[in-house]
Amino acid sequence: MGRRSSCLLLSLVLALVFSGCGRSRGRVQEIAYVSAPQQILRDHVSAVFTKTGVVKNGDRVQILEREKRFARVRTASGEEGWLEQHSLVPQSVYDGFQKLAQQAQNSPVQATGTTRNDTNIHLDPGRETEHLYLLSQGAKVSILKRAIAEKTVPGAIVKPASTNKNDSSKPAMPFMEDWWLIRDPEGRVGWVLARMVDLDVPLEIAQYAEGQRPVAFFVLDQVADGDKKVPQYLVVMTEPKDGLPFDYNQVRVFTWNVKHHRYETAYREHNLNGVLPVMVSQEAFDKEGTLPVFVLQVKDDNGNLSQRKYKMNTPIVRRVLAPGEVKAPAAPRKSRHH
């Protein structure tokens, strides 16, 4: 009887121990990811608590339970604690970023840039869209694409439409903002507010922007000037404002004058309804040899998209017509309003 009692007692103790372990570990409800820069894990949801761990942006956690504004989570290293739920995004948001990166894996880089401030990477263009990753100030990014989205201000009061028949004022149009689709050094892809990124346009050619905003820039080739190689550039530009219906409306090619040791504008074209991406490559042209080539995508007045190919035989830039294509007569110069 003594031995049997001892065995029963031991079994009871072990059952209680494992039962307690099960409660401490908690049942995993779902997977989430930390969207805040850094959060402290706490042992209690109260003003007084003990720190049980730290999670940082992008960390994967298991949600064990929820309570109003807080969720109890477990990290990959086994730390458990409570944090505010607004610091978490669901698995679906993470999957959305993975899909976006896969879709953009072969997208050509249009420019490089540097973030002005700490900047959220969004899943879609727009300030109120889901975001997960955070870029720190001074981060380098590759720019892939442009989009526009309406600017939304949290808490803003919408002005009701006037019922006065004599009021001829037009309804206020929404303010649109430019967004960049970017890829960061870790391979993460997403949308950032364009004004938060400064393009790394070389100063030697940026000074010739003449008040226009560079959208993309490319090295076409290099020329020898003494013992150094100097790059020659294609730059696409737009008017210095957000929300325009085109990605760019002008292009310029800057070639290096070896004799005077300076950049000069070899080619410029205006009044384009240009759409990114711009493609840059090299191509063989019989007696001219292998030359730099760039292809623009341009929409006509009906919204139809066509491609225009150009070649550069320094310092001459010419249009390359496709088989059967007839060069259109030059249109008279006129100002365009958008």
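A brief structural summary. (Residues numbered from 1 in each chain as written. Predicted model: local features only at pLDDT ≥ 70, side-chain atom pairs only at ≥ 80, totals over all residues. Heavy atoms only, no water.)

### Quick word on a nonpolar patch on the surface
On the surface, I40, F49 and V54 cluster together into a nonpolar patch covering about 220 Å² of accessible area. Along the chain, V54 turns up in strand β3 (residues 51–56). On the accessibility criterion, V54 (32% relative accessible area) is partly exposed. (Patch = residues over 30% accessible without salt bridge, like charges linked within 9 Å, V, L, I, M, F, W, Y side chains within 5 Å. Areas by Shrake-Rupley, 256 points an atom, 1.4 Å probe, with all protein chains shown as cover. Salt bridge = Lys/Arg side-chain N within 4 Å of Asp/Glu carboxyl O. Helix = DSSP H or I, 4+ residues; strand = E, 2+ residues; numbered from the N terminus. Buried < 20%, exposed > 50% of the residue type's maximum accessible area, 1.4 Å probe, protein only.)

### Quick word on the environment of Y248
Note on placement: Y248 falls in the loop between β16 (228–238) and β17 (250–257). For Y248, a relative accessible area of 0% puts it in the buried group. Sequence separation of Y248 and V236 is 12 residues, and the distance between their C-alpha atoms is 6.3 Å.

### Details of helix α2 (residues 91–103)
In a regular helix each residue adds 1.5 Å, so 13 residues correspond to 18 Å; α2 covers 18 Å between its end C-alpha atoms and thus fits that length. Of all the residues in α2, the buried ones are V93, G96, F97 and L100. The arc that holds every buried residue of α2, seen down its axis, measures 95 degrees, which confines them to one face. Looking at α2, the residues exposed on the side facing more than 90 degrees away from the buried face are S92, K99 and Q102. Summarising the contacts, the buried residues of α2 are in contact with β7 (88–90), β9 (119–122), β10 (131–135), β12 (176–183) and β13 (189–193). (Expected span 1.5 Å × (residues − 1). Arc of directions from axis to C-beta. Contact = heavy atoms within 4.5 Å.)

### Structural notes on the environment of L181
Within the secondary structure, L181 is located in strand β12. Once the C-alpha coordinates of L181 and V141 are considered, the two residues, 40 residues apart in sequence, prove to be 9.7 Å apart. Those residues in contact with L181 that lie beyond four places of it in its chain are L100, S142, I143, L144, K145, V189, G190 and W191.

### Considering unusual backbone geometry
Excluding glycine, residues mostly carry a negative phi; peptide bonds, for their part, are mostly trans. A cis amide bond links L276 to the next residue, P277, at an omega of 10 degrees. Summarising the element assignment, P277 is placed in strand β19 (residues 274–285). Despite not being glycine, H261 shows a phi value in the positive range, around 55 degrees. As for its position among the elements, H261 is in the loop between β17 and β18 (262–269). The class for H261 is partly exposed, based on a relative accessible area of 48%.

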